Amino acid sequence: MTRTVSLAMYDPGEGAVDGLWVDLRERLIVAGFDELPLTLDGSGDLEATWLDSNLLLAQTCGYPLRHLLDGRVRYVGTPIYAVEGTDGPNYSSAIVVRADNPAERLEDLRGRRAAYNAVHSQSGYNAFRETVSAYAENGRFFSETFATGSHSASLQSVIGGRADVAAIDPVTLQLQPQDVRDAIKVIGWTAAAPGLPFITVLTISDSELVKLRAVLADFFGGAARKDHPEFHFAGFEVLPDEAYDSILAMEQRAIDRSYPRLA
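Everything numeric here is computed off the predicted structure, so don't read it as measured data.

Draft legend 1. Examining the pattern of salt bridges more closely. The full count for this structure, using the stated rule, is 13 salt bridges. A salt bridge links Arg105 to Glu107, with the shortest nitrogen-to-oxygen separation between them at 3.8 Å. When its relative accessible area of 28% is taken as the criterion, Glu107 is described as partly exposed. For Arg257, the salt bridge identified is with Glu130, shortest N-O distance 3.8 Å. In this pair, Arg257 sits in the segment after helix H9 (245-256) while Glu130 sits in helix H4 (residues 122-133), placing the two residues 127 residues apart along the sequence. By relative accessible area, Arg257 is classed as partly exposed at 36%.

Draft legend 2. Spotlight on the packing of aromatic side chains. Applying the stated criterion to the full structure yields 11 aromatic pairs. Ring geometry for Phe141 versus Phe142: centroids 4.9 Å apart, planes at 90°, classification edge-to-face. Residue Phe141 is classed as buried on the basis of its relative accessible area of 3%. Looking at Phe142, the relative accessible area reads 2%, which means it is buried. Aromatic pair Phe231 and Phe233: ring centres 5.2 Å apart, planes at 15°, arrangement stacked.

Draft legend 3. Representation of helix H5 (residues 151-160) in the model. Those residues of H5 that fall on the buried side of the exposure criterion are His151, Ser154, Leu155, Ser157 and Val158. With its buried residues spanning 155° around the axis, H5 presents them on a single face. Positive phi shows up at Gly161, right after H5, with a value of about 95°.

Draft legend 4. Spatial organisation of the packing of H4 against H9. With their axes 8 Å apart at the nearest point, H4 and H9 run at an angle of 45° to one another. Here H9 runs oblique to H4, going by the angle between their axes. For the pair H4 and H9, the crossing hand works out as left-handed. In this structure, H4 contributes Gln122, Asn126, Ala127, Arg129, Glu130 and Ser133 to the contact, and H9 contributes Ile247, Met250, Glu251, Arg253 and Ala254. Here the contact of H4 with H9 is built from residues that sort into four nonpolar, three polar and four charged.

Draft legend 5. Examining the environment of Glu35 more closely. In this structure, Glu35 sits in the loop between helix H1 (16-30) and helix H2 (46-50). Among the residues examined, Glu35 registers a relative accessible area of 44% and is labelled partly exposed. Dropping the residues within four chain positions of it, Glu35 is found in contact with Met1, Thr2 and Arg3. A polar contact of 3.1 Å, which involves the side chain of Glu35, links it to the backbone nitrogen of Met1.

Draft legend 6. View of the nonpolar core. Among the nonpolar cores identified, the biggest contains 50 residues, and Leu7, Leu24, Leu28, Leu57, Leu212 and Leu216 are the most heavily contacted of them. Broken down by secondary-structure element, the contributors of at least two residues to this core are H1, strand E2 (55-59), helix H3 (62-65), strand E3 (73-81), strand E12 (198-201), helix H8 (206-227), strand E13 (233-237) and H9. Broken down by element, this core gets its largest block of residues, eight residues, from H8. If we skip the residues at most four places from it in the chain, Leu212 touches Leu28, Phe33, Leu56, Leu57, Val76, Thr200 and Ile204. Listed in part, the 18 residues of the second largest apolar core include Ala103, Leu109, Tyr125 and Phe128.

Draft legend 7. Representation of the sheet that holds strand E6 (residues 94-98) within the structure. Ordered in space as E8-E7-E9-E6-E10, the five strands form an open sheet in which the pairing is mixed. The sheet terminates laterally at strand E8 (144-147) and strand E10 (184-189), the two strands that pair on one side only. In this sheet, neighbouring strand axes are inclined to one another by 30° on average, regardless of whether the strands run parallel or antiparallel. Where strand E7 (residues 113-116) lies against E8, four bridges are found, and the strand directions are parallel. Bridge assignment links Tyr116 to a residue of E8, and that residue is Ala147. This element, H4, spans E6, E7 and strand E9 (165-168) of the sheet and lies at about 115° to E9. H5 rests against E6, E7, E8, E9 and E10 of the sheet, and its axis sits at about 155° to E9.

Thresholds applied
- Residues numbered from 1 in each chain as written.
- Predicted model: local features only at pLDDT ≥ 70, side-chain atom pairs only at ≥ 80, totals over all residues.
- Heavy atoms only, no water.
- Salt bridge = Lys/Arg side-chain N within 4 Å of Asp/Glu carboxyl O.
- Buried < 20%, exposed > 50% of the residue type's maximum accessible area, 1.4 Å probe, protein only.
- Helix = DSSP H or I, 4+ residues; strand = E, 2+ residues; numbered from the N terminus.
- Phe/Tyr/Trp six-rings, centres within 6.5 Å; stacked < 30°, edge-to-face > 60°.
- Arc of directions from axis to C-beta.
- Axes fitted to C-alpha atoms, helices over the stretch in contact; angles between N-to-C directions.
- Parallel < 35°, antiparallel > 145°, perpendicular 65-115°, else oblique.
- Left-handed = near helix turned anticlockwise from the far one by under 90°.
- Contact = heavy atoms within 4.5 Å.
- Nonpolar A, V, L, I, M, F, W, Y, C, P; charged D, E, K, R; others polar.
- Polar contact = N/O pair within 3.5 Å; in protein donor to acceptor, adjacent residues only side chain to side chain.
- Core = buried A, V, L, I, M, F, W, Y, C linked by side-chain atoms within 4.5 Å.
- Pairing = 2+ DSSP bridges.

Right, here's the structure in full:
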């Protein structure tokens, strides 16, 4: 049966993900992995993909890794990106407002409207909530918060005036068209956490996992950096098992400050 692979968490567009998969697939075949799909379908449900019993490789977010997927998949490793807001395998979210907004810091936005991509997002929700929690009063800071479904939609909400602020993944921000980046300004950054991890099926053997990690480390540290610069890859690292617990700590700090939800 064909193995399941998904590489669509960051997509520069114009067939970039397809080109990346062609090169990675070739290296996986050489390493002994078979029954790989010729092309990738990025239109499926992410949760179903992550929990597919035939999963070989997918990228997820650190928040579901420690909640929905905890004990149900195996961690493979973390790709490293070279953009503003990243530091090795770690990343922080950019807190953005419209370019003409006079706000210079998060505290200036009390009582305004905030957009977020989804409640299960580390970069767009959990890190944002933890940062805002330091300034909340009686469990509130904003006058309104709403989900948009994606970082790109959150940016458009800010640019279009429906929202005053959002927290945006730094790689996603770097991949936006120049006119979008020109239309917003960054007024701060959230605390850092490990970046978006690669996962595989829970039942993978230890020997296969070692092979998979070796292929990815070689690819993202070499050919992907040179041949696919549009992704801004800078390497690959296998983090300690407890590294992603920092995401749970962010969540707990917000709860301890009586700010369990972005509000």
